[in-house]
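Survey of secondary and tertiary structure
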Amino acid sequence: NTVSITIFDTCGGTEISCFFNNGFIYGLQEATNYIMRVSEISTFAGEINFSLQAFENASNDECVDRETIVVNTTEALAYSIDSRTATESINASCENVNTDNLDVWYEFTMPVNGNVRVTNIPNTVSITIFDTCGGTEISCSFNNGFIYGLQEATNYIMRVSEISTFAGEVNFSLQAFETPTNDECETPQNIQVLQETTTVIPLDNRGATESIDASCDTVNTDNLDLWFSFTMPVNGSIEISNVSNTEGFSLFDECAGEELGCFYNDGSFFELINGNPYLLRV
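In this report, the structure presented in the accompanying data block is examined. (Residues numbered from 1 in each chain as written. Predicted model: local features only at pLDDT ≥ 70, side-chain atom pairs only at ≥ 80, totals over all residues. Heavy atoms only, no water.)

Tallying secondary structure elements over the protein gives zero helices and 19 strands in all. On C-alpha atoms alone, the protein measures out to a radius of gyration of 27 Å, which is more than a quarter above the 19 Å that the 2.2 N^0.38 rule sets for 282 residues. Principal axes of the C-alpha set define a box for the protein whose edges measure 90 × 45 × 30 Å. The buried share of the protein, taken over its 282 residues, is 38%. Taking all contacts inside the protein whose residues are at least 6 apart in sequence as the whole, residues at least 24 apart take part in 70%. With 7 positive and 41 negative side-chain charges, the protein shows a separation of 8 Å between the mean positions of the two kinds. (Helix = DSSP H or I, 4+ residues; strand = E, 2+ residues; numbered from the N terminus. Rg over C-alpha atoms; globule rule 2.2 N^0.38 Å. Buried < 20%, exposed > 50% of the residue type's maximum accessible area, 1.4 Å probe, protein only. Contact = heavy atoms within 4.5 Å. Lys, Arg positive; Asp, Glu negative; His and termini not counted. Charge placed at Lys NZ, Arg CZ, Asp CG, Glu CD.)

Another point: the nonpolar core. F108, V116, M158, V160 and F172 are the most contacted members of the largest nonpolar core, which totals 29 residues. Those elements that provide at least two residues to this core are β5 (77-82), β6 (101-109), β7 (114-119), β8 (125-130), β10 (145-150), β11 (155-163) and β12 (169-178). If sequence neighbours within four positions are ignored, F108 has contacts with I69, V71, V116, I129, L150, T154, N155, Y156 and M158. F146, I191, I238 and V243 belong to the second largest nonpolar core, which has 19 residues in total. (Core = buried A, V, L, I, M, F, W, Y, C linked by side-chain atoms within 4.5 Å.)

In this section: the sheet that holds strand β17 (residues 259-264). Hydrogen bonding along the main chain pairs the strands of a sheet, whether they run parallel or antiparallel. The sheet built from five strands is open, its strands ordered β13-β14-β19-β16-β17 with mixed pairing. In this open sheet, the two edge strands, each paired with only one partner strand, are β13 (189-190) and β17. Of the pairings in the sheet, the one linking strand β14 (residues 227-231) to strand β19 (residues 277-281) comprises five bridges and is antiparallel in character. Along β19, the bridge assignment pairs W227 with R281. (Pairing = 2+ DSSP bridges.)

Once that is clear, we can look at empty space enclosed by the protein. For the structure on display, the rule yields one cavity of 30 Å³ or more. Taken as a whole, the largest cavity holds about 30 Å³ of empty space. Forming the walls of the largest cavity are I81, S83, L102, V104, V125, V160, S161, E162 and V170. Of all the secondary-structure elements, those providing two or more residues to the lining of the largest cavity are β6 and β11. Here the element with the most residues in the lining of the largest cavity is β11; it accounts for three residues. (1 Å grid on protein atoms, 1.4 Å probe; cavity = no way out; pocket = protein on both sides within 12 Å on 5 of 7 lines; lining within 4 Å. Points joined across faces, edges and corners; volume = space filled by probe spheres on them.)

Using the criterion set out here, one finds seven salt bridges in the structure. R159 serves as the salt-bridge partner of E95, at 2.9 Å between the closest nitrogen and oxygen. Here R159 lies in strand β11 and E95 lies in the loop between β5 and β6, a separation of 64 residues in the sequence. Each member of the pair, E95 as well as R159, carries the same accessibility label: buried. Residues D204 and R206 are paired through a salt bridge, measuring 2.7 Å at the closest nitrogen-oxygen approach. The network of salt bridges with shared partners includes E95, D103 and R159. (Salt bridge = Lys/Arg side-chain N within 4 Å of Asp/Glu carboxyl O.)

Geometric values such as these leave the question of function open.
What follows is the structure in structure tokens.
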């Protein structure tokens, strides 16, 4: 960071770029000659080693040139791009405006009402979703995560951006998940709680959204919840087992009602009343 690189069109001509430390010189033209000045602060003068490599502009470097990709519900489809071929078009809401965020653009059609899950990206890469080029930002986040509440048969613009310091090959995977009917408390799935037999309840919460934070949830995380209703067959307790420590269970007497208990991992709810209806949030 004691060495600067400056690019000119000719000797004594127009300065095109100037920076210290590693970095990029953007927007150079094929078959064009450039003048490069390498300078070091005299206090640190000594041997300087530097390396140069050229990268052709990505075909989808701008939103108007976006690439169409497929997102489906059956599997996570993998895509890749070398962010060293990109330039910065815009800054999204979750990005640092003082860094170069090198972006490329995609478009996909949502196959169902629900979520898209993004996997296999590092925390130096952000994913931003827009309704149109230059339109409303719907979502922006770094690292793996979910894009919630997308609509079936609707086209979305996706921007994939990497901080220039870490620029390189970016691999990411996308999969859509349909919103379950019991995503909200008002439309729970009815289940049976039996006295003599363990009831197995299958669920997939990748299509879910967060309705509330229960008392035992971490409020700074997205807790994707599904809702179930049951009638208590006896006076007593129910035991929940065969779950992981990332799965939380909270019990209510009614929607927006009193929380009767909350725990993660295996556990029990006590002092339940025969014949009373209850709502279980998972």
